[in-house]
Every structure is written in C-alpha cells, then in structure tokens.
Amino acid sequence: MTQSTYNLAESMLTDFDIAAIRRDFPILNQQVNGHSLVYLDNAASSQKPVQVIEAVDQYYRLDNANVHRGVHRLSQRATDAYEGARSKVRGFLNASSDKEIIFVRGATEAINLVAQSFVRPQLQAGDEILISYLEHHANIVPWQMVCEQTGAKLKVIPMTESGELDLSEFDALLTNKTKIMAVGQVSNALGTVNPVKQMTQKAKAKGIPVLIDGAQAVPHMQVDVQELDCDFYVFSGHKMYAPTGIGALYGKQALLEAMPPWQGGGDMILSVSFEHTEYNSLPYKFEAGTPHIAGAVGLGAAIDYMQSIGVDKLAAYEHALLELATDKLSAIEGIRIIGTAEHKASVLSFMIEDVHPHDVGTIFDQEGVAIRAGHHCAQPVMQYYGIAATARASFAFYNTEQEVDALVKAIHTTQELFA
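I will try to describe carefully the structure that is included in this document. None of the values given here were measured: they were computed from a predicted structure. Throughout this document, residue positions are counted from 1 along each chain, in the order its sequence is written. Side-chain atom pairs in this predicted model are given and counted only at pLDDT of 80 or more, local residue features only at pLDDT of at least 70, and totals for whole chains, interfaces and linings cover all residues. Side-chain calculation: all heavy atoms of the structure are included, whereas hydrogens and water are not.

1. Section: the state of the cysteines
- In plain terms, two cysteine sulfur atoms within 2.5 Å form what is called a disulfide here. Under the defined criterion, the tally for this structure stands at zero disulfides.
- Free of any disulfide, C147 has its nearest neighbouring cysteine sulfur in C377, separated by 20 Å.
- For each residue, the accessible area found with a 1.4 Å probe, counting protein chains only, is set against the maximum for its type, and the residue is called buried under 20%, exposed over 50%, and partly exposed in between. For C147, a relative accessible area of 10% puts it in the buried group.

2. Description of the sheet that holds strand β6 (residues 153-157)
- DSSP calls a pair of strands paired once it identifies at least 2 bridges connecting them. By the criteria applied, helices consist of DSSP H or I runs no shorter than four residues and strands consist of E runs no shorter than two, each listed in order from the N terminus. The sheet built from seven strands is open, its strands ordered β4-β10-β9-β8-β7-β5-β6 with mixed pairing. Sheet topology places β4 (101-104) and β6 at the edges, where each strand pairs with a single neighbour. Strand-to-strand twist across the sheet, computed as the mean angle between neighbouring axes with direction ignored, equals 20°.
- Note: strand β5 (residues 128-132) against strand β7 (residues 178-184), three bridges, orientation parallel. By the bridge assignment, L130 is partnered in β7 with M181.
- Here, two residues are considered to be in contact whenever any of their heavy atoms come within 4.5 Å of each other. Fitted lines through C-alpha atoms serve as axes, helices being fitted only where they are in contact, and the angles separating the N-to-C directions of these axes extend from 0 to 180 degrees. Across the sheet, helix α5 (residues 107-119) is in contact with β4, β5, β7, β8 (210-213), β9 (232-236) and β10 (247-251); its angle to β9 comes to roughly 150°.

3. Observations concerning the packing of aromatic side chains
- Note on ring pairs: Phe, Tyr and Trp rings are taken, using the six-membered ring of Trp, and paired if centres are within 6.5 Å. Classes follow the plane angle, with under 30 degrees stacked, over 60 edge-to-face and the rest tilted. According to the stated counting rule, one finds 14 aromatic pairs in the structure shown.
- Their ring planes at 75° and their centres at 6.1 Å tell us that Y241 and Y398 sit as a pair that is edge-to-face. Taken together, the positions of Y241 in the loop between β9 and β10 and Y398 in the loop between β17 (390-394) and α15 (401-417) put the pair 157 residues apart, joining distant regions of the chain. Y398 carries the same exposure label as Y241, and that label is buried.

4. Things to note about the pairing of β6
- Bridge analysis of β5 against β6 gives five bridges, and the strand direction is parallel. Opposite I131, over in β6, you have V156 as the bridge partner.
- For the segment spanning β5, helix α6 (residues 141-150) and β6, crossover handedness is right-handed. Look down the strands so they point away from you; if going from the first strand over the helix to the second traces a clockwise path, that crossover is right-handed.

5. Here we look at the environment of G214
- As for its placement among the helices and strands, G214 is situated in the loop between β8 and α9 (225-228).
- Placed 31 residues apart in sequence, G214 and V183 show a C-alpha to C-alpha distance of 8.9 Å.
- Other than its neighbours up to four places away in sequence, G214 contacts P219, Y233, V234 and F235.

6. Brief notes about the pattern of salt bridges
- Only one rule defines a salt bridge in this text: a Lys or Arg side-chain nitrogen within 4 Å of an Asp or Glu carboxyl oxygen. Evaluation of the coordinates by the stated rule reveals 19 salt bridges.
- Note that D231 is salt-bridged to K204, the shortest N-O span being 3.6 Å. Linking D231 in the loop between α9 and β9 with K204 in helix α8 (residues 196-205), this pair joins segments that are 27 residues apart in sequence.
- Across the pair K409 and E367 runs a salt bridge whose closest N-O atoms are separated by 3.5 Å. Placement of K409 in helix α15 and of E367 in the loop between α13 (357-366) and β15 (369-370) is noted, with a sequence separation of 42 residues between them.
- We classify E367 as buried; its relative accessible area is 19%.
- Salt bridges sharing common partners tie together K204, D229, D231 and K252.

7. Some remarks on the pairing of β10
- Taken across its five residues, β10 has five buried, putting it largely inside the fold.
- Taking every second residue as pointing to the same face, both faces of β10 are buried, with G247, L249 and G251 on one and A248 and Y250 on the other.
- As paired strands, β4 and β10 are joined by four bridges and run antiparallel to one another. The residue bridging I101 from the neighbouring strand is Y250, located in β10.
- Alignment of β9 against β10, held across five bridges, turns out to be antiparallel. Bridging from a neighbouring strand, F235 pairs with A248 of β10.

8. Quick notes on the sheet that holds β17
- On the basis of which strands lie adjacent, the open sheet formed by four strands has the order β13-β14-β17-β16 and antiparallel pairing. Either end of the sheet is taken by a strand with one partner, and the two such strands are β13 (335-338) and β16 (372-374). Direction aside, the axes of adjacent strands within the sheet are offset by 30° on average.
- Judged from the four bridges that link them, strand β14 (residues 347-352) and β17 form a sheet pairing that is antiparallel. Within β17, the position partnered with V347 by the bridge is S394.
- Relative to β14, helix α12 (residues 311-330) is tilted by about 15°, and along the sheet it contacts β13 and β14.

This is how it looks when you write it as structure tokens:
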C-alpha cells in the first residue's frame, strides 16, 4: 500500500460513523469464548440490521397473509409489501421494469432457472457454454448438468497466478457455438473484481447472451444492469443483509417473455383445465407457489438500509478496510495471501505456513474471530493453486480497524501454538 493510499484508508476509517452502524447489528454485541465477537465471514452470509429484523417481524405480527389472491385487508397489505420490495430491487439494479425482477431463493436457483428455461431448450450437441475458472460451484454445476442433458460442451476462461482472469484467450473462446456466457462479477474465493462490462460488450458484439452472478458484488458496489447490458443478473439476499432464502433474477423482459416456465403451480397461471393451462404474465410466470413473502419484505428493507448509508460510501469504507488488512497481513512472516488481483472487493484469502486452514479456523474461533476455512465452493480455484483450502476473512461495512487488529492477533496466536 502506498503512503497516499494508506492515508486515504485512514481517512475513510476515521470518517465513517462505524459506532452508529454497529448499533444497528445486535448480533455483533456478544462474547464468543470469552472474547468480543469479530465476524469476518461476510462472504458466506452477512449479519442483519435491526431495520431488516423489525421489517420481517412487523410483517409476521401485522400483515401475515398470502399475496395476490385475497381481497381481505391483510392480503392486500402483504401484496403491497411484496410488490413494493420488487420495485425496490428494480431500482437497486436500475432495471427497466418490475416485470424484469423475479423473486427466487437465491443466486443458485436463479442460475438453474436460466439454465433450464432459457439455455437448455436451444442447445444441441456440440454447442458451448462459457464460464470462468473463478466461478462458485453454483455457476459451474448447473451448466454441467445442462451439458450432460444436451451434449453441449463447457468451456472455461483461464486464470492467472494473481487470481485474475486470463483474457488472452477470451476472444477465441467466443464462437458461433457459444450459447451463453455466465461469469461472476466478484470471486467469492479471492475477491477478484472481474471486468464484466468489457467482457459483456465483447460477447454481445457476437450475439452471445450474458448472465452475471452478482452474489458477491451487490453487497459491495453499485450495480446498473442497463449499463452492464447483461441479459441476466442474479444475486442472493443473505449476502447483502437480508434474510436467507430470498434473492432475485433480473432478466431482460423480451427474453423472459419468450422463456417457458421452470416450475408449475399456483400463481404462475391464468387458467387451468385438464386440457390446457394458460400461463400468467411476467413476473409471476416464474414464481410458482406461495413465495417467501417475509424474505422479500426483508430484502426490500435491506436495500433501504444500504441506500440510506450510500452504496458508494460503504464500498469505499470496505475497500479501505481491505487495503489495511492486506497491508498488515503482508507484513507477517509465514503468511501467503491467495489472490492478489489489482481490483478486489471484501475478501482476503490466506494461508499460515505449516497450519491447515481448518485448524486456523478452529483456533480463530477460540479467539472470538469468525472466518471461513475451506474451498469456499470454488474447488477449481483451489486446484489451480495446488491447495485444498484457504482461510478467508471477508469484510462488511460494520467491521472495524480494531477487528483487523484482532485478525492479526489471532494469526500470531496460531503461529505461536504451531511453533
């Protein structure tokens, strides 16, 4: 870190009203093994502010009813809250219409929906699907399944030692056989921020549709799907301070209208007889059955909360925190940082010499520091580096400089125990 960058980081850490923010997250105010909790597992799942907790609580206390189907007051209020959350997601992503926002369980379900409803019907043996080496398993396995079902082939954009995509072969991988490109905006294992806008432009120039996995992006940066010009964008609520089991698929309206439903059931129909079923319009065609109404309400509250702080402001603070942590860990002998891309967000993966990452995670827990240890659902990335796992600290805007110091202290404690 240069002196000017360090000064910027120090300024951000000083100016951000972290004390006020942390008061909004009651779970942080607890002891773990006799230590104040230091929660650095945000890439797996983030904590929830009271504003989200109270929004979900209020729904269940006052408005609990099914949506779209009731004429009574509770159903009307539940429907208004549910559809209001959809509008908030549309605004959050800058989509053109609420019809382009489909509520799903999370990014995983959204990718599977696109794979089975949009991609599979148009695939033939020999066609290709393009992903990258940095993908989460959720953006690998659904495409492998479609390839097994159709005889298509999976192609992979390679990576470099720094944890960045090796785009030297990218143009050659985009061919008339490529039926979709599906790439993550931010790597969950390394924190690498991929140049998805430039990659999308090249794919679209050849008429190739694009899906972007934004699960690790939306908690940490402003996303504009119209500016990206992607065809599909997916994310999970639980990584951006919302409840688990809720997420969203953005899809361009013309594509969604042409796609067949993925699941059948209530609410995705206009009429049903034993001879014929007429499907509902967007977005309900893809929302079969009773949805996770409370989750959608919580997601809307999480969006309100992030926007009340300012997404750009929280992103700058997190980046300053990541830079500070990277600088401090780089100065510790016996630490190997895995993933040193120029552009990163939130994630710091590392290894302590001669200590298995699972042992690191266990010792850290005894110190009250919660990190993730494992392959992070990105086994190809681990295989590239010739390792089984890493220890991963991942930051959110409620983390502090003092918690970075606690991370460093836990590393020293671990090294002393294995000396």
